[in-house]
Amino acid sequence: MPMVETTKKLYKRLTWTWNPGSEKEAGDAIVKNLLLHWFPNKISKESLSWSYSLWLGTISFVLFIILVVTGVVLMFLYVPSVERAYSSIKDIEFVVSFGWLLRSMHRISAHLMVAAVFLHMIRVFLTGAYKNGIAVGSNRPLNWIIGIALFILTLLLSFTGYLLPWDQLAFWAITVGTNIASAAPVVGDWIRFVLLGGSTIDQNALIRFYVLHVFFLPMMVLLLFSYHMWRVRKDGGLAVADKEASSMKPEAQKPVKSKTYSLLGITNGTSVHVRTVSIDEEKNSVASSPHLIRRIWIVSLLTFLSVLILSVIFRAPLEAPANPSVTPNPAKAPWYFLWLQELVTITTVKLGSFTINGALVGGILLPTALLGLAIWWPYRDRSGVNSVGVWFARERSGQNYVFIGICLFIIVLTIVGTFLRGPYWNFYWPWEQWPTMPVKF
């Protein structure tokens, strides 16, 4: 029995910050635990709701952690050389115990992270969470721009990892992607040269993509994410907290009974006082530990299980080894850049002997304009503070509809490029048979 009691005390001493037994312990847990120090002592109940944030930010970070863990293991098994990259991937897939699962989890997490960050940005826009509310000293437009930078880094993380298997799918996806980048005016060829380390996709390109993928881009994501989270704290928490605070009504305080001292003695009754009102902010808030921590654990567990199940169902593909002499028809960019490839097709227009460069218009100019508009919009939005942290606020209905239209347009182009484009980038309905095409050498 003494041994059991000692074990319980030791367990309590190690875990009390995650499961505090009192309000005092809950406050101390945030101060004394390095990981919990990210969070405020108390958090509003609305911020914990499943329906407001959909916990997409947490899901994105959990996917990033899965990518880091699986990626570190894969680094011990992968050889970044054009002679051995493909064979090392085959060894991971067919020789290493559960290597196929490890690789599939890494790939599925990368795809899901792109989707989760994209949906997170949609949520932030539709709730007006990029606008400053009533919190003093907040700068949510800056955090919105940091979020855009994180989304771009997420795309680059997935894009640089796409080449590493060194199969036909990877080689030609990177070929299409870098060709679109080369259409940028003035600096396009320079960007492609810097990415590839030359004019062709060879050993220089593979080692550059590998170093970017395993070190520089993850470090940039980690640093920007840390600053992103710090800014959330500085901005007063999630935007829904501003909505909750503004909706709280002040309550009149009851006068305090006291004794009145006079020259003739002490008289009972109510002293002269000033009637005051106050807002009880504690009523709509709970301690971060354990309430917030429990929900984070639930979301993390569900995200991990989803990745695991999807990885078993959808195994990572591995085509024939990369061969610059054999061109697949059609050659497609990674799925998250297919809307750009589709835009290039749409904006390539022939006017007699003159041809509008679709790679420049659809691949560079239009995406750059959308990016600039996204950065500028928080400073252009003139909707009131009452629309901050509110899903589909009426005051913001017009801009929300335009934003949804742009997002749906991108999604439709991605679907068309993924499922409805066949040989020579011709359009085919799902029920139509693709013609048998000879392989180009």
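Please refer to the structure placed before this passage.
Calculation notes
- Residues numbered from 1 in each chain as written.
- Predicted model: local features only at pLDDT ≥ 70, side-chain atom pairs only at ≥ 80, totals over all residues.
- Heavy atoms only, no water.
- Salt bridge = Lys/Arg side-chain N within 4 Å of Asp/Glu carboxyl O.
- Helix = DSSP H or I, 4+ residues; strand = E, 2+ residues; numbered from the N terminus.
- Buried < 20%, exposed > 50% of the residue type's maximum accessible area, 1.4 Å probe, protein only.
- Axes fitted to C-alpha atoms, helices over the stretch in contact; angles between N-to-C directions.
- Parallel < 35°, antiparallel > 145°, perpendicular 65-115°, else oblique.
- Left-handed = near helix turned anticlockwise from the far one by under 90°.
- Contact = heavy atoms within 4.5 Å.
- Nonpolar A, V, L, I, M, F, W, Y, C, P; charged D, E, K, R; others polar.

Draft legend 1. Structural detail: the pattern of salt bridges. Taken as a whole and judged by the stated rule, the model has seven salt bridges. Where lysine 42 meets glutamate 23, a salt bridge forms, and the shortest distance between an N and an O atom there is 3.5 Å. On the criterion of sequence distance, the pair formed by lysine 42 in strand E1 (residues 42-44) and glutamate 23 in helix H2 (residues 23-32) is long-range, its members being 19 residues apart. Assessed through its relative accessible area of 55%, glutamate 23 is described here as exposed. Salt-bridge contacts for aspartate 235 lead to arginine 231; the nearest nitrogen and oxygen are separated by 2.9 Å. In this pair, the class of aspartate 235 matches that of arginine 231, namely buried.

Draft legend 2. Molecular detail of the environment of isoleucine 207. The topology assignment puts isoleucine 207 in helix H10 (residues 203-234). Separated by 126 residues in sequence, isoleucine 207 and serine 81 place their C-alpha atoms 7.3 Å apart.

Draft legend 3. Structural context of the packing of helix H6 (residues 99-126) against helix H15 (residues 397-419). Between H6 and H15, the least distance of the axes is 10 Å, while the angle of their chain directions is 165°. Compared by their axis directions, H6 and H15 come out roughly antiparallel. For the element pair H6 and H15, the recorded crossing hand is left-handed. Across from Phe118, Met121, Ile122, Phe125 and Leu126 in H6, the residues of H15 making contact are Gln399, Asn400, Phe403, Ile404, Cys407 and Ile411. For the contact of H6 with H15, a count of residues per class yields nine nonpolar, two polar and no charged.

Draft legend 4. View of unusual backbone geometry. Cis geometry marks the peptide bond from serine 289 to proline 290; its omega dihedral reads 20°. Structurally, proline 290 is set in helix H12 (residues 288-313). Put simply, asparagine 329 and proline 330 share a cis peptide bond, and its omega is 10°. With respect to the element layout, proline 330 can be found in the loop between H12 and helix H13 (338-347). Of note, leucine 54 is a non-glycine position whose phi angle comes to about 60°, a positive value.

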